Amino acid sequence: MNRPGKIVCVGRNYREHAKELGNEVPSAPMLFLKPPSAVIASGAVIEMPAASQRVDYEGEVGIVIGATLRRATPAACAAGIRGVVALNDVTARDLQKSDGQWTRGKGFDTFCPIGPEWAGVPPLDAITVVTRVNGEEKQRGSTAELVFAIPDLLSYISHVMTLEPGDVVATGTPAGVGPLKAGDVVEVELEGYSLVRNTVDAQA
Ligand code: ZN
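J.: I'm lost on the packing of aromatic side chains in this one. Help?
T.: Aromatic ring pairs are defined here through the distance separating the ring centres and the angle between the ring planes. Taken as a whole and judged by the stated rule, the model has 3 aromatic pairs. Seen in terms of ring centroids, W118 and Y193 are 4.7 Å apart; in terms of plane orientation they differ by 70 degrees. Their pairing is edge-to-face. A residue pair is termed long-range when its members are at least 10 positions apart, and W118 in strand β10 (residues 118-119) and Y193 in the loop between β15 (185-190) and β16 (194-202) qualify at 75 residues. Residue Y193 is classed as partly exposed on the basis of its relative accessible area of 23%.

As structure tokens, then:
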């Protein structure tokens, strides 16, 4: 896909995932950004930075925006979706914790693998996301379980920053996050829609 203008992410949007990291479910969506420079395609290599001892996968449903959405209603946001992508919100978990904010831990080059775009609007409350490492299933979630449903999430974001065509919104990761090591093959699949598969290597 073309590089998005911005990638807006939400933390702790699945109850079980918030719990597994010892966090409360937030009362409002917890937003952060990943830089467009982190995007890689399926088949490219995820580079583990030397600065981190713990790089995790986070399989997520990515929403591709197809309209200009500014202070838009949930219904208008749902109508403004262009497609969906499998997205891996790769995270240097140790740096995310030690920095106290997430820009570095979430922002390294290669930390945002994005699969081919499926054009259209699937049932927004019934998308299944699965993460596998070396063929073994590690995460399985459905957007039915989201704390903040996709139209509400997009509307909330649009009241902060204008969503523009090509922007991507990552909707949070289900339980089961875990570390990657050099040589691993990690894939995130939106069943029936998109798949992104990448190998992992130490930073050259
Ligand atoms: Zn995430």
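That was the structure; now back to the text.
J.: Hey, could you run me through the side chain of S194 in this one?
T.: Relative to the assigned elements, S194 resides in strand β16. A relative accessible area of 6% places S194 in the buried class. Side-chain polar atoms of S194 contact the backbone nitrogen of A86, separated by 3.1 Å. Discounting residues that sit within four places of it in the chain, S194 has contacts with V84, V85, A86, G115, P116, V188 and E189.

J.: Just checking my understanding: could you explain the layout of surface pockets for this structure?
T.: The gaps left among the atoms become clear once a water-sized probe is rolled over them. Approximately 220 Å³ is the volume attributed to the largest pocket. Contributing to the lining of the largest pocket are 18 residues, with R12, L21, N23, Q96 and W102 lying nearest its centre. Every element with two or more residues in the lining of the largest pocket is listed here: β1 (7-11) and α3 (93-99). Broken down by element, the lining of the largest pocket gets its largest block of residues, 3 residues, from α3. Its residues assigned to classes, the lining of the largest pocket comprises 4 nonpolar, 7 polar and 7 charged.

J.: Help me understand the sheet that holds β15 in this model?
T.: Picture the strands of a sheet paired through backbone hydrogen bonds; they go either parallel or antiparallel. Within the open sheet, the 5 strands sit side by side as β4-β16-β15-β11-β12. Their pairing is mixed. Where the open sheet ends on each side, the last strands, each with one partner, are β4 (45-48) and β12 (136-142). Averaged over neighbouring strand pairs, the angle between their axes works out to 20 degrees when direction is ignored. Sheet topology places strand β11 (residues 128-133) next to β15; 5 bridges connect them, and they run antiparallel.

J.: Could you clarify how one ought to interpret the coordination of the zinc ion in this entry?
T.: Reference values for coordination geometry: four tetrahedral donors around a metal ideally subtend 109.5 degrees, six octahedral donors ideally subtend 90 or 180 degrees. Around the zinc ion, the donor atoms from the protein are E58 (OE), E60 (OE) and D89 (OD), and they sit 1.9 to 2.1 Å away. Look at E58 and you get buried, because its relative accessible area is 3%. Exposure remark for E60: the relative accessible area of 1% places this residue in the buried category.

J.: Which parts of the structure should I look at to understand the sheet that holds strand β5 (residues 55-57)?
T.: Read across the sheet, 3 strands follow the order β8-β5-β14 without closing on themselves; strand pairing throughout is antiparallel. Of all the strands in the sheet, the pair left with one neighbour each is β8 (91-92) and β14 (178-179). As defined by bridge partners, β5 adjoins β8 across 2 bridges and the pair is classed as antiparallel. The residue bridging V55 from the neighbouring strand is A92, located in β8.

J.: What's the story with the pattern of salt bridges in this structure? I'm lost.
T.: Two side chains carrying opposite charge are able to pair once their charged atoms lie near each other. Per the stated rule, a full pass over the model turns up 18 salt bridges. The salt bridge partner of E58 is K106, with a shortest N-O separation of 3.3 Å. Placement of the pair is E58 in the loop between β5 and β6 (59-65) and K106 in helix α4 (residues 103-107), with a sequence separation of 48 residues. Both residues of the pair, E58 and K106, belong to the buried class. Because the salt bridges share partners, they merge into one network encompassing K34, R54, D56, E58, D89, R93 and K106.

Definitions and limits used
- Residues numbered from 1 in each chain as written.
- Predicted model: local features only at pLDDT ≥ 70, side-chain atom pairs only at ≥ 80, totals over all residues.
- Heavy atoms only, no water.
- Phe/Tyr/Trp six-rings, centres within 6.5 Å; stacked < 30°, edge-to-face > 60°.
- Helix = DSSP H or I, 4+ residues; strand = E, 2+ residues; numbered from the N terminus.
- Buried < 20%, exposed > 50% of the residue type's maximum accessible area, 1.4 Å probe, protein only.
- Polar contact = N/O pair within 3.5 Å; in protein donor to acceptor, adjacent residues only side chain to side chain.
- Contact = heavy atoms within 4.5 Å.
- 1 Å grid on protein atoms, 1.4 Å probe; cavity = no way out; pocket = protein on both sides within 12 Å on 5 of 7 lines; lining within 4 Å.
- Points joined across faces, edges and corners; volume = space filled by probe spheres on them.
- Nonpolar A, V, L, I, M, F, W, Y, C, P; charged D, E, K, R; others polar.
- Pairing = 2+ DSSP bridges.
- Axes fitted to C-alpha atoms, helices over the stretch in contact; angles between N-to-C directions.
- Donors = N, O, S within 2.8 Å, 3.2 Å for Na, K, Ca; no water.
- Salt bridge = Lys/Arg side-chain N within 4 Å of Asp/Glu carboxyl O.

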